[in-house]
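Okay, here's what each chain looks like letter by letter:
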Amino acid sequence: MADEPFRLDETVPTAGGPFGKRVPRREDNRLLRGRGRYIANIRYDGQLAVAFVRSPVAHARIVSTDVAAARSAPGVVDVATGADPDFRDMVLVAESALRTHVNTPQPVLAADKVRYQGEAVAAVAAATPSAAVDAAELVEVTYDELGVHVDAVTAAADPAEPVHDIAPDNLIVTRTFDSGDVDAALAGSHLAIERTYRTNRHGATPMEGRGAVAIWERGGTKLTLHATSQVPYLHRSGIAEVLDVPDSAVRMVVGDVGGGFGIKGALYPEDVAVSQLARRLGRPVGWVETRSEHMATALHARDHHYTVRAGFDADGTLVAVDAVLHANVGAYSSPPWTAGIEPLMAGGLLTGPYKLTHYRCEVLGVATNTTPTGPYRGVARPATVFVMERLLDDAAAELGMDPVDIRRRNLVVPDDLPYTTPTRLVHDSRTYLECLEQAAELADYDGFRSSQQAARGTGDSRLVGIGFACYNELTGLGQKASAGPRLPFRTGHESAEVRIDPSGAVSVAMGVTSQGQGLETTMAQVVAAELGVGVESVSVEMGDTDRISFGMGAFASRQGVIGSGAATLAARAVRAKVLTIAAHLLEAEPDWLTVDDGFVHTADAPAVGVTLGEVAHVAYFEPQRLPPGVEPGLEAMRFYDPMTGTFAAGAQVAIVEVDLDTGDVALQRIVCVEDTGRVINPMVVEGQAHGAIAQGVGGTLLEHFVYDGAGQLLTGSFMDYLAITADRMPSIELGHIADPAHNLNQIRGVGEGGTLGPYAAIANAVCDALAPLGVTIDDLPLSPARIHAAIAAARASC
């Protein structure tokens, strides 16, 4: 009879049961019936509404602020400004140990200077949202306007009247990645090409915007902040630091979130302002942003300008890349990820899945008088894939090669592994070429070329083209592959707590959070598979920092890789204890036992055993029946860190039709093949791919935050900013490869990969369609106006 605790194996992946099955998303039943609990649904008795007064100018000194009329307006309880003693010194600071990073303090409410249109200068608390908005319009601020910087290249070249005095050159972060002898390799190459590429500033437009509801309890010593955060534990620490209270005095609660996509991973001034107003007034205070506020003040992304030289051998082998990136990082380095997240990610991953020895990339994070930038699904890599894939297509055209063949020539293949990139990242994916070949087959590449050739020369005003993009996504980053630029924290670990209560019901508390990814379902599948119970028996809790002690949250395609690993280890520890107790009760050995549908039995006597509920009853209420040395209770908390990251391979093919008369691009087909390793739930994986691809298509064809020379946002509503809609999307054709990764559950992240290919694949397809006219377009978005102008210019030059 076993009196020793059962030893658990921490190396074998979760398998069997519901793992890998198409289990319907359990959260959808609640959400589709209107029973979700979003930030706008949070309401306390006596709760006040906040409206922010925002700067109408992009760069100015604040001369004076008059709040008298606002204070006397109906329903107003308080008006706060950055000059108030309890707000005056409140700033957010994004910290990095990178020597070239400039910490740019961002005031919670600007008091002396505003640096972008929309920056908050005051906050009105009133009985109702409408009363707060009306009173905010009565606040009078006098500005002394300064020179405005909008374009990154210009701001770096001519930094007069810089955005920050502490960065007189407007450079917030810089770094040069350098490997090999680039100049010599370029000089010796058969073909050297030089190109300039520009990707368009745009960002996430989730169905639910940002918001916060704050209440201080326990005599004003404990803050509960309901928020839309992707990283509640990081935000808890950041808010506690600014408010000068211990982390334990802040409870972050994240309910249902209507989309995050990276922008809700930043700490914003509004989060702190709402919390401070609630402390100051001793009442609950809430704020939900409007869509116009979201467009003007939530983080933007992708405003990149690349100048690139590349060298190729006669057979198409890539021998050297020399690049300079000006990344427009906006007015501040935003916490916690800093202004370095885009430029440094771009420089580190520009070469993608391709072999290269000689590489140099100078990255410049340039401050401008525009909305700060930060993480958005795919973080910089949609732009870097665009650059590399356009380079390859241009080189193939110059060399007279097929665009697929030049990729075959340069991709990292299994014989190259382990392959170390020029930026010292180590590839573990064996399937780059396999993804490309499968994508080409699904798209019927040879058949398309035949039909395309037959159609050319017919005088049709619509031309078709095909484009390819190969990419890789570094996912599930462990502590040795940090997700940030020399940040004061590492992001490799995640936590989970699994508990079987006295009735036998299973609950899971996770450190990760969900913004629509289906984690309530997938994490339940993992735990159910480990414990031998049905998915319906497992409840999953996330987003409450008082429920589980710590977690890192949702970003960098890590929840499936790292979150599932933590859930597996915690569930496995609980299962081990269940088997130890059950073996003692059944006078058996733990390794004789198995669990089926919540019933513990031996393999040779499946009808004889005990239920999980019976084991749990003993664990909680009958300690005298426990094996010697086994403590009461039936729960375990575990952390998991894969130590390194894992690359997920992908390839996309786009087929487009271009109208020569209007410049309009009709996306006819998009094919995507990705290697996501083992899959917890194929239906969830497919949904993630569909959403990511759609966002990539939107960024390629439509979405663009445009500023005029005075720093005024011209596309600040959906009347002007064209978000992707279902009618612009063709049916997405997916292929799947499941090469196991080197982590506990052998999973590769899937949340962001789909965004990486559309920029490049569609741009290559458009250029392929217009090749007979000699048209090449290297700026995004691929708007009808831009394409029509290029066609007109090509015709005029004939």
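Look up a bit, the structure's there.
Residues numbered from 1 in each chain as written. Predicted model: local features only at pLDDT ≥ 70, side-chain atom pairs only at ≥ 80, totals over all residues. Heavy atoms only, no water.

## Thoughts on the sheet that holds strand S26 (residues 605-611)
Note: strands within a sheet are paired through backbone hydrogen bonds, in either parallel or antiparallel orientation. Strands sit in the order S24-S25-S26 across an open sheet of 3 strands; the sheet is antiparallel. The two strands at the open ends of the sheet, each matched to only one other strand, are strand S24 (593-596) and S26. Pairs of neighbouring strands in the sheet enclose a mean axial angle of 40°, with direction left out of account. Pairing of strand S25 (residues 599-602) with S26, which is carried by 4 bridges, proceeds in the antiparallel orientation. The partner of Val600 across the bridge, within S26, is Val610. Of the strands in this sheet, S25 and S26 are in contact with helix H16 (residues 612-621), which crosses S26 at around 40°. (Pairing = 2+ DSSP bridges. Helix = DSSP H or I, 4+ residues; strand = E, 2+ residues; numbered from the N terminus. Axes fitted to C-alpha atoms, helices over the stretch in contact; angles between N-to-C directions. Contact = heavy atoms within 4.5 Å.)

## Remarks on the sheet that holds strand S29 (residues 665-675)
The strand order S20-S28-S29-S30 describes an open sheet built from 4 strands, whose pairing is mixed. In this open sheet, the two strands that pair with only one neighbour each are strand S20 (462-475) and strand S30 (732-737). Across the sheet, the mean angle separating the axes of adjacent strands is 15° when strand polarity is ignored. Bridge analysis of S29 against S30 gives 6 bridges, and the strand direction is parallel. Pairing of Val671 across the sheet is with Glu733, part of S30. Sitting on the sheet, helix H19 (residues 758-769) touches S20, strand S28 (646-659) and S29, and the angle it makes with S20 is about 155°.

## Details of the environment of Arg638
The topology assignment puts Arg638 in strand S27 (residues 635-640). Residue Arg638 is classed as partly exposed on the basis of its relative accessible area, which comes to 30%. The spatial distance from the C-alpha of Arg638 to the C-alpha of His235 is 22 Å, given a sequence separation of 403 residues. The contact partners of Arg638, leaving out residues within four places of it in the chain, are Glu494, Ser495, Ala496, Ala566, Leu569, Ala570 and Ala573. (Buried < 20%, exposed > 50% of the residue type's maximum accessible area, 1.4 Å probe, protein only.)

## A word on the packing of helix H15 (residues 559-586) against H16
Interhelical geometry of H15 versus H16 gives an angle of 90° and a closest axis separation of 10 Å. Between H15 and H16, the crossing angle belongs to the class labelled roughly perpendicular. Contacts from Val578, Ile581, Ala582 and Leu585 of H15 reach H16 at Leu612, Val615, Val618 and Ala619. Classifying every residue of the contact of H15 with H16 by side-chain character gives 8 nonpolar, no polar and no charged. (Parallel < 35°, antiparallel > 145°, perpendicular 65-115°, else oblique. Nonpolar A, V, L, I, M, F, W, Y, C, P; charged D, E, K, R; others polar.)

## What to know about the state of the cysteines
Scanning the entire structure with this criterion turns up 0 disulfides. No disulfide involves Cys435; its sulfur sits 8.2 Å from that of Cys470, the nearest cysteine. (Disulfide = S-S within 2.5 Å.)

## A closer look at the packing of aromatic side chains
The tally for this structure, following the rule as stated, stands at 8 aromatic pairs. With centroids separated by 5.5 Å and ring planes inclined at 90°, the aromatic side chains of Phe52 and Trp287 adopt a geometry described as edge-to-face. On the criterion of sequence distance, the pair formed by Phe52 in strand S1 (residues 48-54) and Trp287 in strand S14 (residues 285-288) is long-range, its members being 235 residues apart. The burial state of Phe52 is the same as that of Trp287; both residues are buried. Among the aromatic residues, ring-to-ring pairing joins Trp337, Phe489 and Phe555 into one connected group. The side chain of Arg210 reaches across the aromatic face of Tyr268, ending 4.1 Å from its centre. (Phe/Tyr/Trp six-rings, centres within 6.5 Å; stacked < 30°, edge-to-face > 60°. Lys NZ or Arg CZ within 6 Å of the ring centre and 35° of its normal.)

## Description of the side chain of Gln117
Positionally, Gln117 belongs in the loop between strand S6 (113-114) and strand S7 (120-126). Looking at Gln117, its side chain comes within polar contact range of the main-chain nitrogen of Leu713, at 2.8 Å. Leave out the neighbours within four places in its chain, and Gln117 touches Ser55, Pro56, Val57, Ala58, Ala296, Gly711, Gln712 and Leu713. (Polar contact = N/O pair within 3.5 Å; in protein donor to acceptor, adjacent residues only side chain to side chain.)

## Looking at the pairing of strand S23 (residues 538-542)
Side chains Val538, Val540 and Met542 project from S23 onto a buried face, and the interleaved Ser539 and Glu541 project onto a face without burial. In terms of strand pairing, strand S22 (residues 506-510) meets S23 through 5 bridges, oriented parallel. Each bridged residue has a counterpart across the sheet, and for Val506 the counterpart in S23 is Val538. Following the backbone out of S22, through helix H14 (residues 519-531) and into the adjacent parallel S23, one traces a crossover that is right-handed. (Right-handed = clockwise from strand over helix to strand, strands pointing away.)

## Description of unusual backbone geometry
The omega torsion across Pro335 and Pro336 is 0°, close enough to zero to call that bond cis. Cis geometry marks the peptide bond from Leu780 to Pro781; its omega dihedral reads 5°. Relative to the helices and strands, Pro781 is located in the loop between H19 and helix H20 (784-797). Not every positive phi belongs to a glycine, and Thr338 is a case in point at roughly 70°. Locating Thr338 in the fold gives a position in the loop between strand S16 (318-330) and helix H9 (341-349).

## What about the pattern of salt bridges?
On inspection of all chains with the given rule, the structure shows 48 salt bridges. Here Asp183 ties to Arg309 by a salt bridge, and the two come within 3.8 Å at their closest N and O atoms. Note that Asp183 is positioned in helix H5 (residues 182-187) and Arg309 in strand S15 (residues 304-312), a separation of 126 residues in sequence. Taking relative accessible area as the criterion, Arg309 reaches 32% and is therefore assigned partly exposed. The salt bridge involving Asp768 is made with Arg449; its shortest N-O contact spans 3.0 Å. With Asp768 in helix H19 and Arg449 in helix H13 (residues 445-455), the pair connects residues that are 319 residues apart, well separated along the chain. By relative accessible area, which is 14% here, Asp768 ends up buried. (Salt bridge = Lys/Arg side-chain N within 4 Å of Asp/Glu carboxyl O.)

## Digging into a positive patch on the surface
There is a patch of like positive charges on the surface, built from Arg175, Arg424, Arg486 and Arg490. As for its position among the elements, Arg424 is in the loop between strand S18 (419-420) and strand S19 (426-427). For Arg424, a relative accessible area of 64% corresponds to the exposed category. (Patch = residues over 30% accessible without salt bridge, like charges linked within 9 Å, V, L, I, M, F, W, Y side chains within 5 Å. Areas by Shrake-Rupley, 256 points an atom, 1.4 Å probe, with all protein chains shown as cover. Lys, Arg positive; Asp, Glu negative; His and termini not counted. Charge placed at Lys NZ, Arg CZ, Asp CG, Glu CD.)

## Focus on the side chain of Thr431
Looking at the secondary structure, you find Thr431 in the loop between S19 and helix H12 (432-442). Using a relative accessible area of 2% as the deciding quantity, one classes Thr431 as buried. Residues contacting Thr431, with those up to four places away along its chain left out, are Ala649, Asp675, Ile737 and Asp739.

## Topic: the pairing of S28
Consecutive side chains along a regular strand alternate between the two faces of the sheet. The buried fraction of S28 is high, at 13 of 14 residues. Alignment of S28 against S29, held across 9 bridges, turns out to be antiparallel. Across the sheet, Ala654 pairs through a bridge with Ile670, a residue of S29. Connecting S28 to the antiparallel partner S29 that follows it, the hairpin turn spans 5 residues, and Gly663 within it adopts a positive phi of roughly 80°.

## Some words on H9
Of all the 9 residues making up H9, 9 are buried; the element is thus mostly covered by neighbouring parts of the structure. Buried residues of H9: Ile341, Glu342, Pro343, Leu344, Met345, Ala346, Gly347, Gly348 and Leu349, and no others. Looking at the buried positions of H9, the neighbouring elements they touch are strand S9 (171-179), S15, S16, strand S17 (358-367), helix H10 (381-399) and S28.

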